[in-house]
Structure formats: C-alpha cells, structure tokens
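# Fold and contact review
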Amino acid sequence: MSPRSARIQIAFFALLVMLTVAASLSIDLSKFQERGSSPEGQAILRGISNPGELDNALGQHPSDNVLQLMAKAIKVAANTQAAIDQLSAQIEPPRLSKEPDFGSVSRDELESFRRDLGTAAANASAFLPRYAAILKAEHEQIESATVSLHVPREIADELLHGVTQRQATTLSVISLILSARVDYYRAYDKYITFLSGELGSFKIVAGQFVFPDQRAVERYNVASQAMTSAGKRVNELETDLKKQQQPLPEEWIPLTGVGQLVTKK
C-alpha cells in the first residue's frame, strides 16, 4: 500500500478556452458571409485556419466587417479565459497544492488541512453564478461589437442566439466539473480523516503505509480508492474538453473552406 498523491492536478478552466474561443461564433457563418460580406471579402477569408492567419488577413484588409468581428470575438474570448482562470485559482486555498507529509504531520495540521478542503468544496459549490457573470459580460461585449460594426439586426440576433446556446453548454460543463471537484474534495477529506484517526499507529516504510491490523488496511483502501476515483472523474472531464480543442471553431469551416480542423493533443 503506497501513500496516494492526493493532489490531483486539475488543469480546470484553462481547458475552457476551447469553449470560449472555439465557440464564440455559434452561428452559421456561411449565412453571415452571404448577407454581410462582398465576394471580395469572402475570398479574403478563404484558407484562414488559425488566429494568426486571421490577424494577417485583417492587417491587409482592416475594413472587412467579418474579419473584424472574428478578431473581436477571439479577443473577447481570450479576456474571458483570463477571467475564468483567475476565478478558478480562487477555489482552492494555497495549502492544498501540497499533500501533507504523513511521516511527520500533526493532528492539528491535518485538521487545518481538512478545513481548507472544506473551503475548496464550498467554493466549488458556490462559484457557478460567478462563472455565469463572466460569460454574461462576454455576451454583452459581442453584442456591442455587432452594433459598432453595423451588423444587420437579423444577423446580430442570429449571432447572439448562438452565443447564448454556446454559453448554456459551457455552464453545463462547468457545473459538471465543479460538482466533480466537490466530490473529490469530500473524498480527500475522508482520506485525511482516516489517516488523522490512525496517526501514531501506522508507519511509513520505504514509501509504504504499514498498519497494525487488517481492518485498518481495509479502511485505508476504501478511503484511498474513493479519493482516487473522484480525482479520476475530474481528469476525465477535463480530458474530454481537451479533445475538443481546435485552432479555429468548427463554425468557421464553411466560411474559410479549410476543411476539417485537426484536434490538438
């Protein structure tokens, strides 16, 4: 039985860039192209496959409204990601970044660690409205861009409807991950509670927990496996998000004509 590294590296909301950047234009951009861009403008967009190429095209054609809207949406999404990352960093107290040294830790230190786990669980349970507020601000900025770029009302309505749908999906994913985090923190707390209760009775030999009786071994295994399973669930959700990352949103494919984009690994 080896001590579990209870700290699961949760690369949580940096992964959400693929939902904020890669879905900022959740509309049929081919319709936008037909209604709001000249044939010359359409040709400008052909072959663009990443934000860098979009920036180059915009530098050559700064008055193209579609290019301007895409660039604005990517900038807003980047700011949204930064705000989400900042909020996510507030969920866990700093002490949770390192697992206690069970060979020398005191009960008081473990109880303090447990309080931090409780704080993290409470934050994960309560932060969803704050993420919703960040996305609401993103929506408002995109709406403002459709006005400042003189996008026709019917196009703006379609765009904003797509943004609303995408943000609903984003919040659903955030909710799932926050819920998984709560389960992880609670399982971690039970793991720490068990070890705190056994403090002084077990030894760590060559990196292995050694308990005085089989019952303690069984209880340790239950607590450890529950924590590991909860951490695995968090990682699985984040891995699913990683698989969706692309250089540009799929919704841009009909507009740019670059074909199916390759998912980043």
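These numbers come from a predicted model, not from an experiment.

The rules behind these values
Residues numbered from 1 in each chain as written. Predicted model: local features only at pLDDT ≥ 70, side-chain atom pairs only at ≥ 80, totals over all residues. Heavy atoms only, no water. Helix = DSSP H or I, 4+ residues; strand = E, 2+ residues; numbered from the N terminus. Buried < 20%, exposed > 50% of the residue type's maximum accessible area, 1.4 Å probe, protein only. Areas by Shrake-Rupley, 256 points an atom, 1.4 Å probe, with all protein chains shown as cover. Salt bridge = Lys/Arg side-chain N within 4 Å of Asp/Glu carboxyl O. Phe/Tyr/Trp six-rings, centres within 6.5 Å; stacked < 30°, edge-to-face > 60°. Axes fitted to C-alpha atoms, helices over the stretch in contact; angles between N-to-C directions. Parallel < 35°, antiparallel > 145°, perpendicular 65-115°, else oblique. Left-handed = near helix turned anticlockwise from the far one by under 90°. Contact = heavy atoms within 4.5 Å. Core = buried A, V, L, I, M, F, W, Y, C linked by side-chain atoms within 4.5 Å. Expected span 1.5 Å × (residues − 1).

### Considering the overall build of the protein
Helix and strand counts for the protein stand at 10 helices and two strands. In the protein, the succession of α and β elements from N to C terminus is α-α-α-α-α-α-α-α-β-β-α-α. By the burial criterion, 46% of the 265 residues in the protein qualify as buried. Carbon and sulfur atoms provide 51% of the accessible area of the protein, an area that totals close to 13,200 Å².

### Quick word on the pattern of salt bridges
This model, assessed by the stated rule, comprises five salt bridges. The partner of Arg114 in a salt bridge is Glu111, with the nearest N and O atoms 3.2 Å apart. Of the two residues, Arg114 and Glu111 are both situated in helix α6 (residues 107-126); the distance of three residues between them amounts to about one turn of the helix. Taking relative accessible area as the criterion, Arg114 reaches 24% and is therefore assigned partly exposed. Arg219 serves as the salt-bridge partner of Glu198, at 3.3 Å between the closest nitrogen and oxygen. With a gap of 21 residues between them, Glu198 in helix α8 (residues 153-198) and Arg219 in helix α9 (residues 214-242) connect regions that are remote in the sequence. A relative accessible area of 37% places Arg219 in the partly exposed class. One continuous salt-bridge network, built from bridges that share partners, spans Glu111, Arg114 and Asp189.

### Focus on the packing of aromatic side chains
With the rule as written, the count across this model stands at 14 aromatic pairs. Where Phe113 meets Tyr188, the ring centres are 5.5 Å apart and the plane angle is 65°; that geometry is what we call edge-to-face. A residue pair is termed long-range when its members are at least 10 positions apart, and Phe113 in helix α6 and Tyr188 in helix α8 qualify at 75 residues. Judged by relative accessible area, which is 3%, Phe113 ranks as buried. An aromatic cluster is defined as three or more aromatic residues linked by ring pairs; in this entry it consists of Phe102, Phe113, Tyr184, Tyr185, Tyr188, Tyr191, Phe194, Phe202, Phe209, Phe211 and Tyr220.

### Here's the deal with the packing of helix α5 (residues 65-88) against helix α7 (residues 128-148)
Between two packed helices, what matters for the description is the angle formed by their axes and the separation of those axes. It is the contact of α5 with α7, at a shortest axis distance of 10 Å, that shows an interaxial angle of 165°. With respect to their mutual orientation, α5 and α7 come out roughly antiparallel. The crossing of α5 and α7 is right-handed. Each of Leu69, Lys72, Val76, Ala77, Thr80, Ala83, Ile84, Leu87 and Ser88 in α5 lies in contact with α7, whose residues at this interface are Arg130, Tyr131, Ile134, Leu135, Glu138, Gln141, Ile142 and Ala145.

### Topic: the nonpolar core
With 41 residues, the main nonpolar core has Phe102, Tyr191, Leu195 and Phe211 as its most contacted residues. Among the elements of the structure, α5, α6, α7, α8 and α9 are those that each provide at least two residues to this core. With near-sequence residues (within four places) excluded, Phe102 lies in contact with Leu110, Tyr191, Ile192, Leu195, Leu199, Phe202, Ile204 and Phe209.

### What about α6?
Between its terminal C-alpha atoms α6 stretches 29 Å, which fits the 28 Å expected from 20 residues at 1.5 Å a residue. Three or more residues of α6 are buried, namely Leu110, Ser112, Phe113, Asp116, Leu117, Ala120, Ala121, Asn123 and Ala124.

### Examining unusual backbone geometry
Positive phi is not limited to glycine here, since Ala206 has a value of about 55°. Looking at where Ala206 falls in the secondary structure, it is placed in the loop between β1 (203-205) and β2 (208-210). Ala206 gets classed as exposed once you look at its relative accessible area, which sits at 76%.

### Some thoughts on the environment of Glu140
Relative to the helices and strands, Glu140 is located in helix α7. With relative accessibility at 41%, the residue Glu140 sits in the partly exposed group. Counting along the chain gives 20 residues from Glu140 to Leu160, while the straight-line C-alpha distance between them is 9.2 Å.

Nothing here speaks to function; it is geometry throughout.
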